[in-house]
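As a plain string of letters, each chain reads:
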Number of protein chains: 2
Amino acid sequence: MAEKADDIFKEFKEHSISEFFNKNRQMLGYSSKVRALTTVVHEYVTNSLDALEEAQALPSITVRLDRIDEAKYRVIVKDNGPGIPKGFVGKALATVLAGTKFHRNMQQRGQQGIGAAGCTLFAQATTGKPVHVTSSTGDKAYECDVAIDTLHNKPILSNVADIDTAKVPQGLSVRGEFGGVKYDSSDHSVFEYLKRTAIANPHAEITFIDPDGGEHTFMRAVDALPERPKIAKLHPLGLSVSDLFEMAHSSQSGRVTSFLVDTFARFSQDKANEVKDTLKDIDFAKGPKELTWNECERMVATFKSMRWISPDATHIVPIGEERIEAALQNILSPESLHVIERKPKVFSGGFPFVVEAAIAYGGGSGRKVEGGYTGVIMRFANRVPLLFDSGSCAITEAAKSVDWRRYGMDLDSQAVSVFVNVSSVYIPYSGVGKESIAQEDDIIDEIKLALMDAARGVQRFISNKEHTKEYEGKYKTVMRYTSQLSQDLASITGRSKEGIEERLEKLVAKQYKKEDKDEGGGSDGKDNG
Amino acid sequence: MAEKADDIFKEFKEHSISEFFNKNRQMLGYSSKVRALTTVVHEYVTNSLDALEEAQALPSITVRLDRIDEAKYRVIVKDNGPGIPKGFVGKALATVLAGTKFHRNMQQRGQQGIGAAGCTLFAQATTGKPVHVTSSTGDKAYECDVAIDTLHNKPILSNVADIDTAKVPQGLSVRGEFGGVKYDSSDHSVFEYLKRTAIANPHAEITFIDPDGGEHTFMRAVDALPERPKIAKLHPLGLSVSDLFEMAHSSQSGRVTSFLVDTFARFSQDKANEVKDTLKDIDFAKGPKELTWNECERMVATFKSMRWISPDATHIVPIGEERIEAALQNILSPESLHVIERKPKVFSGGFPFVVEAAIAYGGGSGRKVEGGYTGVIMRFANRVPLLFDSGSCAITEAAKSVDWRRYGMDLDSQAVSVFVNVSSVYIPYSGVGKESIAQEDDIIDEIKLALMDAARGVQRFISNKEHTKEYEGKYKTVMRYTSQLSQDLASITGRSKEGIEERLEKLVAKQYKKEDKDEGGGSDGKDNG
């Protein structure tokens, strides 16, 4: 052969995850100019909201964009959160795949430890500048610049300086300069992203200062903190071999049996015995640290062949019907609004999730276009707005499969906003950029049911409205004749026309009111029409 | 605050890229059952074709699928390539982000060192089984099982055994068992994937044994090896800071200046002086190994502000018009076929690419559906078929923007196959699964031009065909009267009807032939109609 295997493999190398994403930035959402800018804001705001949820405080977040030149912007995101201890700032903002969130089985906006480090990569690749950080944890404050040594996926800190805590408010502030970006007023831009973030996080106050100096504040719609998600036990059907291996090796249990029963959801002693009976050659009395990779593999395969009670979903915290309603009223003031929270369901055997859906009709719903309106689908995953890659998303797929005309609606030409939020400890995103939910059948079906349910509510409002219109038409027609009739009756009876007309009008009004009630009108509590 | 920063960050951890992709398998293409199976075949076949290209040999690849149960299949892929030396098999098949391809600036199908390791992850996660490998480099042969320790992204080899080279053919054979997969006959399945691979690689012979034992062979359409892509010098506008830093630190040059001139494309001594004049505080006489990260950052920023000659594109090897024609004739036997190879263009300043497009009309083109046909868009990147995520792909976007009716075509209802192959050292994929090309404006424009060019060719054929049809209609109409006319003429002149009819028919035929030529018919060399 022209080139032998040994020659070919001389060039074999490993590379770091930083290098990989530096070379493939578009996979993180840094593709088009508008999207890239929204992605930066998205990553920082998501981290702020998560940090404030952990610290159990009401978020106040300010996002500011300064235009440096046509395709270069300065982004500043400031929060009132817990801050980052100095020893962790490099890992948190300048190391890909490092974070507090990945190993925790808990519902959070971020999951992967890629977002903020991705922003740092993007800043240094497009403007060659590090990201400036100011942090106060309340009792200690500092500022510094962070960059990434992409070859080794290690942080590079510079200009580190302590600050008097009296001089800075508690929280985190990041400031970066980014090239190849653009701000506009489209539906994929920062304003819309923050508006939707406010809808799904009505406990947050978000201020946006746009590149032209315009200030927009999305006020807090509810003052109570959302319930804090609890850490869940993994369900045996959602376990990978590496999960089991790692958890076994960091377990404090004395025996494999007690490790299984104590660590995993729905793992009774009976279930442990069932596993033991299937895998007779594994010693279940030994310490879990002694389990080999191969033994873990065989255990996971055994779990998959057994019957289990569905996973518990009490650790999932959806937004809540009242909060969604308050937020959508606050921001859209629709004529009719119907919100549905479905019961928890499970996908891929082991992962519970909850779907919330709302349909807002009229008022500020939908989007104004030339010649009228068009419908808008607002997608959310764990309260984070998804603005891109809608074509590949389970929410879009579900919304497309609903026959909207059956409910008197048309998403192409009406002022309708469709809201869907999927909450789960594990959202199966279809890409690293986390802008769409993979099209798992279980998830699509559940979203479709929620949308149909909400659509029925709006349908009642629409048919009432149509009925009222029809009724008003009839009423007007009859009224048109009362004047002539009163005249005629007056000349026959010799009474005054005015008196007869007044009594006739009352009679007609009364009759029509009755008819309206008989035909089953009645307004739904949530309609404002 | 309820939870202080220090408490929150106690849980801070780093995790491995294997763990990340194990948890987010859908990002690698392991989402739906059919797609997951196609992805496995795609990864192995891609690696085989790349290895054979490096070894400069004509590929013969066999893919075999065995159904183990409804959602579990055994996949065997065998090639006649160079094999993998024993010392590298763990890195090559069971380490994420390791490979020979990432650091080389060279056009190849694979780039990232994720594919084959992703298959191993997927096998062990869904069936708990390692992947079995048999390799012969010609003078040494062995077999072994490979798995991944996902916690550390390290390979686990077992059952390693040497084999007598006389007993196995040279090449690589991998065998894995995968769960959560499905084979069907849809356009997203293995058969279609291999058919399209054969179209874009007419120098390869590919045999497919389907799960029901059916054997399909895509014969070699050309016997010559494709030209081998050369390693390209990076263009200064396509350089990231990490590229420059790494290359500087592994350079043998004595000075920064000579390092720049020797290493990068279009970097003349004049250009080096221009950089020196801009960055006066950097010492260009020192060794490149002494360049700091910050200095590299500033140099990359300076490169971006300078004017450069476009990058050289001679290291890009497209498929070639003749080869595409041979392949499409071989597999589709269309009535009309037009192939276009465009000149190299550049996207994002520093990355050259070449677009090839073809439109096949009639014959086996398009897809049969109930009541007729529908058009098919076949997307390729560096000869690799892209079957998924079409909605987000630059090729789809470009094809949608062509006004097909102008060319007499309708992709919704006609037997048309549209073929597009984008070749580049660096293809900007929109996801890790590499199933769609990011929508860079430069790339979309170029594809659109290629498609319009090819469409014009087919349009000529279609209007000729319509003209012929019209002509035949007229001819038949005239002929219908010759019999009556001959009869009448015979009775007037007293000659035989048969003689007159024969002469009349010849006259008409001659006249129509002439008229056809006058109206500019003439067949295009590539049309078979």
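Residues numbered from 1 in each chain as written. Chains lettered and ligands numbered in written order. Predicted model: local features only at pLDDT ≥ 70, side-chain atom pairs only at ≥ 80, totals over all residues.

K.L.:
Can you help me understand the overall build of chain A in this one?
P.N.:
Within chain A, the regular secondary structure consists of 14 helices and 18 strands. Expressed along its principal axes, the backbone C-alpha trace of chain A runs to roughly 115 × 65 × 60 Å. Counting the 529 residues in chain A, one finds 50% classified as buried. (Helix = DSSP H or I, 4+ residues; strand = E, 2+ residues; numbered from the N terminus. Buried ≥ 20, exposed ≤ 12 C-beta atoms within 10 Å, placed from the backbone.)

K.L.:
Is there a simple way to explain the sheet that holds strand β7 (residues 154–163) of chain A in this structure?
P.N.:
Note on sheets: strands pair through backbone hydrogen bonds, and any given pair is parallel or antiparallel. Residue and element names in this part refer to chain A. With mixed pairing, 8 strands are arranged side by side in an open sheet as β7-β6-β5-β8-β3-β2-β9-β10. With partners counted over all chains shown, the strands left at the sheet margins are β7 and β10 (215–218), one partner each. Shown here is a sheet whose adjacent strand axes are inclined to one another by a mean of 15°, direction ignored. Examined bridge by bridge, strand β5 (residues 131–136) and strand β8 (residues 171–179) share 5 bridges and lie antiparallel to one another. Bridge pairing links H132 to R175 in β8. Strand contacts of helix α3 (residues 33–55): β2 (60–69), β3 (72–78) and β8, with the helix running at about 10° to β3, the strand carrying the most contacts. (Pairing = 2+ DSSP bridges. Axes fitted to C-alpha atoms, helices over the stretch in contact; angles between N-to-C directions. Contact = placed C-beta atoms within 7 Å.)

K.L.:
Hey, could you run me through the domain arrangement of chain A in this one?
P.N.:
Put simply, an interface is often sized by how much accessible area is lost when its parts join up. All names here are of chain A. Here chain A is described as being made up of domain 1 (17–218), domain 2 (236–305), domain 3 (321–457) and domain 4 (461–518). Between the C-alpha centres of domain 1 and domain 3 there is a distance of 27 Å. Taken together, the 23 residues of domain 1 in the interface contact 21 residues of domain 3. Among the elements of the structure, α3 and α6 (190–200) are those that each provide at least two residues to the side of domain 1 that touches domain 3. The leading source of residues in the side of domain 1 that touches domain 3 is α6, at 8 residues. (Domains from an automatic or database assignment.)

K.L.:
Just checking my understanding: could you explain the nonpolar core for this structure?
P.N.:
What tends to happen in soluble globular proteins is that the nonpolar side chains get buried as a cluster. Membership of the largest hydrophobic core comes to 289 residues, with the highest contact counts inside it found for I447 of chain A together with I447 of chain B. Every residue in contact with I447 of chain A, bar those within four places of it in the chain, is listed here: V355, A357, A394, I395, A398 and V420 of chain A. (Core = buried A, V, L, I, M, F, W, Y, C linked by C-beta atoms within 7 Å.)

K.L.:
How should unusual backbone geometry be read in this particular structure?
P.N.:
For residues that are not glycine, phi is negative in most cases, and the peptide bond is trans in most cases. For K434 of chain A, which is not glycine, the phi torsion reads 50° and is therefore positive. For K434 of chain A, the location among the structural elements is in the loop between β18 (416–424) and α13 (441–493). With 29 C-beta atoms packed within 10 Å, K434 of chain A lands in the buried category. A positive phi angle is found at N153 of chain B, which is not glycine, with a value near 50°.

K.L.:
Even after reading the chapter, I still don't get helix α6 (residues 190–200) of chain B, so can you show me in this structure?
P.N.:
In an α-helix, one turn spans 3.6 residues, which is why side chains three or four residues apart end up on the same side. Most of α6 of chain B sits out of view: 9 of its 11 residues are buried. Among all positions in α6 of chain B, only V190, F191, Y193, L194, R196, T197, A198, I199 and A200 of chain B are buried.

K.L.:
I would appreciate a short explanation of the environment of S185 of chain A in the present structure.
P.N.:
Residues and elements named next belong to chain A. Here S185 lies in the loop between β8 and α6. Its 9 C-beta neighbours within 10 Å are what place S185 among the exposed residues. Spatially, the C-alpha atoms of S185 and E19 are 33 Å apart, while their sequence positions differ by 166 residues.

K.L.:
Looking at this structure, how should I read the sheet that holds strand β3 (residues 72–78) of chain B?
P.N.:
Residues and elements named next belong to chain B. Taken together, 8 strands build an open sheet; the order of strands is β7-β6-β5-β8-β3-β2-β9-β10 and the sheet is mixed. Strands with a single pairing partner mark the edges of an open sheet, and in this sheet they are β7 (154–163) and β10 (215–218). Between one strand axis and the next, the sheet turns through 15° on average, direction left out of account. In this structure, β3 lies alongside strand β8 (residues 171–179), joined through 7 bridges in antiparallel fashion. Paired with Y73 across the strands is F178, a residue of β8. Where α6 meets the sheet, it contacts β2 (60–69), β9 (205–209) and β10, and its direction lies at approximately 170° from that of β9.

K.L.:
In this structure, what is going on with helix α11 (residues 321–332) of chain A? I would like to understand it.
P.N.:
Residue and element names in this part refer to chain A. Helix length check: α11, at 12 residues, gives a terminal C-alpha distance of 16 Å against a target of 16 Å (1.5 Å per residue), a fit within 8%. Along α11, the residues classified as buried are R323, I324, A327, L328, I331 and L332. Summarising the axial view, the buried residues of α11 lie within an arc of 125°, below the 170-degree limit, and thus occupy one face. Where α11 is buried, its residues meet α6, β11 (336–341), β13 (351–361) and β18. A positive backbone phi angle near 40° is found at S333, which sits one or two residues after α11. (Expected span 1.5 Å × (residues − 1). Arc of directions from axis to C-beta.)

K.L.:
Could you clarify how one ought to interpret the packing of helix α12 (residues 394–401) of chain B against helix α13 (residues 441–493) of chain B in this entry?
P.N.:
The relative placement of two packed helices is expressed as an angle between their axes plus a distance between the axes. All names here are of chain B. Look at α12 against α13: their axes get within 8 Å of each other, and the N-to-C directions meet at 50°. Between α12 and α13, the angle is such that the two are oblique. The handedness of the crossing between α12 and α13 is right-handed. Two secondary-structure elements touch here, α12 through A394, I395, E397, A398, A399 and S401 and α13 through I443, I444, I447, K448 and L451. (Parallel < 35°, antiparallel > 145°, perpendicular 65-115°, else oblique. Left-handed = near helix turned anticlockwise from the far one by under 90°.)

K.L.:
What am I meant to see in the pairing of β9 of chain B here?
P.N.:
Consecutive residues of a regular strand have side chains that alternate between opposite faces of the sheet. Residues and elements named next belong to chain B. Burial along β9 is one-sided: the residues I206 and F208 are buried and none of E205, T207 and I209 is. Here β2 runs beside β9; their pairing, made up of 5 bridges, is parallel. Pairing of T62 across the sheet is with T207, part of β9. Pairing of β9 with β10 involves 4 bridges; the strand directions are antiparallel. Residue pairing across strands places F208 opposite H216, the latter belonging to β10. The hairpin formed by β9 and β10 contains 5 residues between the paired strands, and G213 there has a positive phi angle of roughly 90°.

K.L.:
How should the pairing of β3 of chain B be read in this particular structure?
P.N.:
Residues and elements named next belong to chain B. As paired elements, β2 and β3 share 7 bridges and run antiparallel to each other. Within β3, the residue paired with L65 across the bridge is V75. Hairpin connection from β2 to β3: 2 residues lie between these consecutive antiparallel strands.

K.L.:
I keep staring at the packing of α3 of chain A against α6 of chain A and nothing clicks. Help me out?
P.N.:
Residues and elements named next belong to chain A. Interaxial distance between α3 and α6 falls to 9 Å at its minimum, and their mutual angle equals 30°. In terms of orientation, α3 and α6 fall into the roughly parallel class. Crossing of α3 over α6 shows right-handed handedness. Touching L37, T38, V41, H42 and V45 of α3 are V190, Y193 and T197, all from α6.

K.L.:
I keep staring at the environment of G171 of chain A and nothing clicks. Help me out?
P.N.:
Residues and elements named next belong to chain A. Mapped onto the secondary structure, G171 falls in strand β8. Residue class for G171 comes out buried when judged on the 26 C-beta atoms lying within 10 Å of it. With 90 residues separating them along the chain, G171 and V261 place their C-alpha atoms 40 Å apart. The residues contacting G171, other than those within four sequence positions of it, are K78, D79, N80, G81, G83 and S136.

K.L.:
It is not clear to me how the confidence of the model for chain A should be interpreted in this structure. Could you clarify?
P.N.:
Should pLDDT be low for a region, the predicted coordinates there are not to be read in detail. Residue and element names in this part refer to chain A. Averaged over all residues, the pLDDT of chain A is 87; the fraction at 70 or higher stands at 93%. Per-residue pLDDT stays below 50 along residues 518–525; that stretch engages in 8 contacts with residues further than four places along the chain or on separate chains. Here the complex is predicted with pTM 0.77, and the ipTM for its interfaces comes to 0.71. (pLDDT = per-residue confidence, 0-100.)

K.L.:
Explanation requested: the environment of D162 of chain A in the structure shown.
P.N.:
Residue and element names in this part refer to chain A. As for its position among the elements, D162 is in strand β7. Remark: the alpha-carbon pair of D162 and S135, spanning 27 residues in sequence, is separated by 9.7 Å. When near neighbours in sequence (up to four residues on either side) are disregarded, D162 contacts A141 and Y142.

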